[in-house]
Amino acid sequence: MPRKKDDHLLPYSNTLLVLALLEDEDKYGYQIIQELAHRSDRTFCMKEGTLYPILHGLEERGEVRSYERAGIAGRRRRYYKLTRQGVRTLARCRREWAAFCKSFGKVVGGEACVPR
C-alpha cells in the first residue's frame with residue numbers, strides 16, 4: 001500500500017515529544033523519560049532504547065547538542081539542549097501535528113489535538 005503524506009507523523013511523534021520536552025530547559029535522558037511520563041499522566045512511557053537513538057539522531061542533525069555536567073550527587077550526566085535549528089524543527093513539527101490532528105478530528109469528531 002502506498003504511503004500517504006502524513007503516514008510518518010505517528011512514528012515521528014516521539015521526536016516531537018522529545019523536542020517539546022527540551023524546549024523549557026536542558027535535560028538528561030532519565031529526566032526526559034520521567035518528565036514525559038509525568039506530563040502525560042503516564043500515557044506515554046519511553047524506554048531508554050527508544051529515547052537515545054532519537055537523541056543521537058537529533059544531535060547528528062544539529063537539532064540538539066549534548067554536554068556533560070555534574071548532577072546533584074556530583075555524578076556526571078549528559079544533558080541535551082535544543083539548538084536554534086531544533087527550535088525551528090519543533091515549530092515545523094507542531095504545525096504538521098496540528099494539521100494532522102485537525103484532519104483526524106474531522107473524521108472521528110471531537111476536539112482537535114492542537115499543541116500549544
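Described in the following lines is the structure provided in the data block. Each residue is numbered by its place in its chain's sequence as written, counting from 1. Note on the predicted model: pLDDT of at least 70 is required for a residue's local features to be given, and 80 or more for side-chain atom pairs to be given and counted; whole-chain, interface and lining totals, by contrast, use all residues. Each side-chain value is derived from all of the structure's non-hydrogen atoms; neither hydrogens nor water enter the calculation.

Brief notes about the packing of aromatic side chains
Just so we agree on the cut-off: Pairing of aromatic rings covers Phe, Tyr and the six-membered ring of Trp, with a centre-to-centre limit of 6.5 Å; geometry is then stacked below 30 degrees between planes, edge-to-face above 60, and tilted otherwise. Note on conventions: DSSP H or I runs of at least 4 residues are helices, E runs of at least 2 residues are strands, and numbering of each starts at the N terminus. Classification of residues uses two cut-offs on accessible area relative to the type maximum, computed with a 1.4 Å probe and protein chains only: under 20% is buried, over 50% is exposed, and between them is partly exposed. Throughout this description, the term charge over a ring refers to an Arg CZ or Lys NZ atom that lies within 6 Å of the ring centre and within 35 degrees of the ring normal.
Counted by the stated rule, this structure contains four aromatic pairs. Taking the centre distance of 5.4 Å and the plane angle of 80 degrees together, the rings of tyrosine 28 and tyrosine 79 count as edge-to-face. Separated by 51 residues along the polypeptide, tyrosine 28 in strand E1 (residues 27-28) and tyrosine 79 in strand E3 (residues 76-82) bring together distant segments of the chain. Judged on exposure class, the residue tyrosine 28 and its partner tyrosine 79 are both buried. Here the aromatic cluster, defined as three or more aromatic residues joined through ring pairs, consists of Tyr28, Tyr67 and Tyr79. Above the ring of tyrosine 79, the side-chain terminus of arginine 69 is found at 4.1 Å from the ring centroid.

Notes on the pairing of strand E2 (residues 64-70)
A regular strand places its side chains on the two faces of the sheet in alternate fashion. Put simply, the rule is: Paired strands are those between which DSSP finds at least two bridges.
The sheet contact formed by E2 and E3 spans seven bridges and is antiparallel. Residue pairing for E3: glutamate 68 is matched across the bridge by arginine 78.

A word on the pairing of E3
Relative to E3, E1 runs antiparallel, the two being bridged by two bridges. Residue pairing in the sheet places lysine 27 in a bridge with tyrosine 80 of E3. Adjacent in sequence and paired antiparallel, E2 and E3 are bridged by five residues, among which glycine 74 carries a positive phi angle near 85 degrees.

With respect to the sheet that holds E3
For the record, the criterion: Note on definitions: a residue-residue contact is assigned when non-hydrogen atoms from the two residues lie within 4.5 Å. Axes here refer to lines fitted to C-alpha atoms; in helices the fit is confined to the stretch in contact. Angles between the N-to-C directions go from 0 to 180 degrees.
Ordered by their spatial adjacency, three strands build an open sheet running E1-E3-E2, and the pairing between neighbours is antiparallel. Looking at which strands have only one partner, the edges of the open sheet turn out to be E1 and E2. Of the strands in this sheet, E2 and E3 are in contact with helix H3 (residues 48-60), which crosses E2 at around 115 degrees.

So, the nonpolar core
Rules: Take the buried residues of types Ala, Val, Leu, Ile, Met, Phe, Trp, Tyr and Cys, join any two whose side-chain atoms come within 4.5 Å, and each joined set is a nonpolar core.
Counting 22 residues, the largest nonpolar core has Val18, Leu19, Leu22, Leu51, Leu55 and Val64 as its most contacted members. For this core, the secondary-structure elements that each account for two or more residues are helix H1 (9-22), helix H2 (29-39), H3, E3 and helix H4 (84-108). When residues in this core are grouped by element, the largest group, six residues, is from H1. Not counting the four nearest positions on each side in its chain, leucine 22 is found in contact with Lys27, Ile32, Leu55, Val64, Tyr80 and Leu82.

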